[in-house]
Amino acid sequence: MYFIELGLYMTKREEYFLKKIGRNIAKERRSKGLSQLDLCSIIKMEKSNLSAIENGRQNVTSLTLLRIANAIGVEVKMFFD
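Per chain, the residues get numbers from 1 upward, laid out in the order the sequence is written. The predicted nature of this model means local features are confined to residues of pLDDT at least 70 and side-chain atom pairs, given and counted, to a pLDDT of 80 or more, with totals for whole chains, interfaces and linings taken over all residues. Note that water and hydrogens are dropped before the side-chain values are worked out from all heavy atoms of the structure.

## Remarks on the confidence of the model for the chain
In predicted models, pLDDT denotes the confidence assigned by the predictor to each residue on a 0 to 100 scale. Taken over all residues, the pLDDT of the chain has a mean of 91, while the share at 70 or more is 90%. Ranking the elements of the chain by mean pLDDT puts strand 1 (residues 2-3) last, at 42, and helix 4 (residues 62-72) first, at 98. The way it works is that DSSP assigns letters per residue, a run of H or I at least four long becomes a helix, a run of E at least two long becomes a strand, and they are numbered from the N terminus.

Next up, the structure:
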């Protein structure tokens, strides 16, 4: 099990899940030509939080996923593919 910023322990499978979502967010963000700072400005988020999400170190809420998806013009489900 692994410790993450939230103070929770994760299994390898859970760790993989968060990293996959984060990689997909980063991929979609870059495909739209947005930097982390650009996206953070749009959704009113600290860059350190977005970085932690994209690197799978922070569990992202459903509302944050929705805000990110809306800002970059994709469906939330894209982050889970």
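## Re the environment of Glu54
Position of Glu54 relative to the elements: it lies in helix 3 (residues 47-54). Relative accessibility under 20% of the residue-type maximum defines a buried residue, over 50% an exposed one, and the middle range a partly exposed one, all with a 1.4 Å probe and only protein chains included. Taking the relative accessible area as the measure of exposure, Glu54 reaches 8% and is therefore buried. A sequence separation of 28 residues divides Glu54 from Ala26, and the C-alpha atoms of the two residues are 5.9 Å apart. Polar side-chain contacts of Glu54 include one of 2.7 Å to the side chain of Gln36. Two N or O atoms count as a polar contact when they lie within 3.5 Å, although within protein this holds only if one can serve as hydrogen donor and the other as acceptor, and sequence-adjacent residues are included solely when both atoms are side-chain atoms.

## A short note on the environment of Phe17
In this fold, Phe17 is placed in helix 1 (residues 12-31). Residues Phe17 and Lys47 lie 30 residues apart in sequence; the distance between their C-alpha atoms is 21 Å.

## Quick word on the pattern of salt bridges
Put simply, a salt bridge is a Lys or Arg side-chain nitrogen that is within 4 Å of an Asp or Glu carboxyl oxygen. If you walk through the whole model with that rule in mind, you get two salt bridges. Here Lys19 makes a salt bridge to Glu15, at a shortest N to O gap of 3.5 Å. Placement of both Lys19 and Glu15 in helix 1 is noted, with a separation of four residues, approximately one turn of the helix. Looking at Lys19, the relative accessible area reads 33%, which means it is partly exposed. Look at Glu15 and you get buried, because its relative accessible area is 16%. Arg29 is the salt-bridge partner of Glu54, the closest N and O atoms lying 2.7 Å from each other. Of this pair, Glu54 sits in helix 3 while Arg29 sits in helix 1, placing them 25 residues apart in sequence. In this pair, the class of Glu54 matches that of Arg29, namely buried.

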